[in-house]
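If you want the building blocks of each chain, they are given just below.
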Amino acid sequence: MRDDTGIPRRTLLQGAAVLGATALAGGAVGATRKAAFAEDGKAGAAPQDAEAATSQGGMQYGFLVRMSNCVNCQQCVEACRKANGTPEDVPARRAVTPYTTANGQKVYVSTSCMHCEDPACATVCPARAITKGEGGVVTVDHDRCIGCKYCYQACPFGVPHYTSAGMDKCDLCLEAGVALGEAPNCVQACKFRALHFGTIDELVAGSGGRAKKIEASTGPSYVLL
């Protein structure tokens, strides 16, 4: 599959031509992370927060994207930017990316932080500013973030962005006042039912088992249909 945009999230749809959904190779993700750290040996020496970087028991919230329904209306992106007060000169926490399949079909995929089971961003953070908490949500403590950008180098999906407050990414709109378990603003804004939210088990079950979970060494909490 060819990435039409060249953005860091290009890895997301590798294998989609065969599966009709994402199937990322763990080896490819590992190679991406290895290459990212090659430029800075210090990143590899960052202390690991085992509690933050290890998958916790209990439910795991995430997103399902129904690719055939997405029309690139950008409403999810605008709702995300507005709810979280993202500055205009900084990318929104959510993006819609166009891809062209091997058979020439153009599809769109709305993505944000993957809230991975084993988040590489938390593993490499020397300030221990990134944690994985209740519901499997990966969040950032802006008071602890030192802006080193190690998390950006480690993330295989190029998710972290930076503002004057430090690293910025999706937290399921928790800081914006959405209660844990309720649909984030991006999902609420989607008029075409292309973007869904819930526990991964609920999302897969609701698709009749047809939704495919993204496969990567970090265990992304994202499924595609």
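Higher on the page you've got the structure.
Conventions we followed
- Residues numbered from 1 in each chain as written.
- Predicted model: local features only at pLDDT ≥ 70, side-chain atom pairs only at ≥ 80, totals over all residues.
- Heavy atoms only, no water.
- Helix = DSSP H or I, 4+ residues; strand = E, 2+ residues; numbered from the N terminus.
- Contact = heavy atoms within 4.5 Å.
- Areas by Shrake-Rupley, 256 points an atom, 1.4 Å probe, with all protein chains shown as cover.
- Buried < 20%, exposed > 50% of the residue type's maximum accessible area, 1.4 Å probe, protein only.
- Salt bridge = Lys/Arg side-chain N within 4 Å of Asp/Glu carboxyl O.
- Polar contact = N/O pair within 3.5 Å; in protein donor to acceptor, adjacent residues only side chain to side chain.
- Pairing = 2+ DSSP bridges.

Undergrad: Looking at this structure, how should I read the overall build of the protein chain?
TA: Helix and strand content of the protein chain: 9 helices and 11 strands. Across the protein chain, every contact between residues at least 6 apart in sequence was considered, and the portion connecting residues at least 24 apart equals 66%. Of the accessible surface of the protein chain, which amounts to about 10400 Å², a share of 49% is contributed by carbon and sulfur atoms.

Undergrad: Help me out: how do you make sense of helix α5 (residues 75-84) in this one?
TA: Since the α-helix advances by 3.6 residues per turn, residues separated by three or four positions end up pointing in the same direction. For α5, every residue scored as buried is listed here: Cys76, Val77, Ala79, Cys80, Arg81 and Asn84. On its buried face, α5 is in contact with β3 (95-100), β4 (106-111), α8 (185-189) and β9 (195-199). At the exit of α5 stands Gly85, carrying a positive phi of roughly 60 degrees.

Undergrad: How should unusual backbone geometry be read in this particular structure?
TA: Trans is the prevailing form of peptide bonds, just as negative phi is the prevailing case for residues other than glycine. Here the phi dihedral of Asn72 falls at roughly 60 degrees; this positive angle occurs in a residue that is not glycine. Here Asn72 shows up in the loop between β2 (61-65) and α5. A relative accessible area of 27% places Asn72 in the partly exposed class.

Undergrad: Please clarify how the pattern of salt bridges should be interpreted in this entry.
TA: A pair can form between side chains of opposite charge whenever their charged atoms are brought close. All chains considered together, the criterion is met by 4 salt bridges. The salt bridge partner of Asp171 is Arg93, with a shortest N-O separation of 3.4 Å. One end of the pair, Asp171, is in the loop between β8 (166-168) and α8; the other, Arg93, is in the loop between α5 and β3, and 78 residues separate them in sequence. Residue class for Asp171 comes out buried when judged on its relative accessible area of 6%. Assessed through its relative accessible area of 5%, Arg93 is described here as buried. Here Arg93 and Glu175 are joined by a salt bridge, their closest N and O atoms 3.7 Å apart. Separated by 82 residues along the polypeptide, Arg93 in the loop between α5 and β3 and Glu175 in the loop between β8 and α8 bring together distant segments of the chain. For Glu175, a relative accessible area of 53% puts it in the exposed group.

Undergrad: Looking at this structure, I do not really get the side chain of Ser207. What am I missing?
TA: Within the secondary structure, Ser207 sits in the loop between α9 (200-206) and β10 (212-213). Engagement of the side chain of Ser207 in a polar contact is seen with the backbone nitrogen of Ala211, the distance being 2.9 Å. Once residues within four sequence positions are removed from consideration, Ser207 is found in contact with Leu64 and Leu225.

Undergrad: Is there a simple way to explain the pairing of β3 in this structure?
TA: On any regular strand, side chains alternate: one points to one face of the sheet, the next to the other face. Among the 6 residues that make up β3, 5 are buried, leaving the element largely enclosed by the rest of the structure. Of the pairings in the sheet, the one linking β3 to β4 comprises 6 bridges and is antiparallel in character. In the sheet register, Ala95 faces β4, and the bridge partner there is Thr111. If you look at the hairpin formed by β3 and β4, you'll find 5 residues sitting between the two strands, and Gly104 has a positive phi there, around 90 degrees.

Undergrad: I'm lost on the environment of Arg193 in this one. Help?
TA: By the secondary structure assignment, Arg193 is in the loop between α8 and β9. Note on Arg193: relative accessible area 58%, which makes it exposed. As for Arg193 and Cys70, which are separated by 123 residues in sequence, their C-alpha atoms are 7.9 Å apart. When sequence neighbours within four positions are dropped, the list of residues in contact with Arg193 reads Arg66 and Asn69.

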